[in-house]
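These are the residues of each chain, in order.
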Amino acid sequence: MRAVVQTVSRASVTVDGEVVGAIDDGLLVLLGVTHSDTPAIADTMARKVWELRILDDEKSASDVGAPILVVSQFTLYGDARKGRRPTWIAAAPAEVAEPLVTAFAEALRARGAKVATGRFRAHMLVESVNVGPRTILLDI
């Protein structure tokens, strides 16, 4: 599982003209799932994101109650080492990835996070205003 975590002053996901998820002053998490990921890995990733000390004064989302917007991002497993056309073979198929993205969001909620999400298998417009900017890649 891979996550790109960004500090944002605001972020939102729009599908077919409707905002389906939005946050202010929190974390935007782009989450990629691979074939070997499990619910236990999703839980570990949720803990790492929730406790990641990336906010001002080395605070974490858990310290300040910052909201988190989770957006599925299979392209995090794109591989363009050969040529110009990436392959997505390392990305888990939707049937595997969707329940794990849901498990990740639920694990955050179980820890007390306010979580908004995108919509799986939808063409999403993701907007964000990065703060810092601070961006971290987590890979489990």
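Residues numbered from 1 in each chain as written. Predicted model: local features only at pLDDT ≥ 70, side-chain atom pairs only at ≥ 80, totals over all residues. Heavy atoms only, no water.

**With respect to the pattern of salt bridges**
Moving on, step 1. According to the stated counting rule, one finds eight salt bridges in the structure shown.
Moving on, step 2. A salt bridge links Arg47 to Glu51, with the nearest nitrogen and oxygen atoms 3.8 Å apart. With Arg47 and Glu51 both in helix H1 (residues 39–51), this residue pair falls four residues apart, about one helical turn.
Moving on, step 3. A salt bridge links Arg121 to Glu95; the nearest nitrogen and oxygen atoms lie 3.5 Å apart. Of the two residues, Arg121 is situated in the loop between strand E4 (115–117) and strand E5 (125–139) and Glu95 in helix H3 (residues 94–110); the sequence distance between them amounts to 26 residues. Accessibility assignment for this pair places Arg121 and Glu95 in one class, exposed. (Salt bridge = Lys/Arg side-chain N within 4 Å of Asp/Glu carboxyl O. Helix = DSSP H or I, 4+ residues; strand = E, 2+ residues; numbered from the N terminus. Buried < 20%, exposed > 50% of the residue type's maximum accessible area, 1.4 Å probe, protein only.)

**Some thoughts on the pairing of strand E3 (residues 68–72)**
Moving on, step 1. Most of E3 sits inside the fold, with four of its five residues counted as buried.
Moving on, step 2. Relative to E3, strand E2 (residues 18–32) is paired through five bridges, and the arrangement is parallel. Within the sheet, the bridge partner assigned to Leu31 lies in E3 and is Ser72.
Moving on, step 3. Pairing analysis gives three bridges linking E3 to E4, with the strands arranged parallel. Across the sheet, residue Ile68 finds its bridge partner in E4, namely Val115.
Moving on, step 4. Handedness of the β-α-β unit built from E3, H3 and E4 comes out right-handed. (Pairing = 2+ DSSP bridges. Right-handed = clockwise from strand over helix to strand, strands pointing away.)

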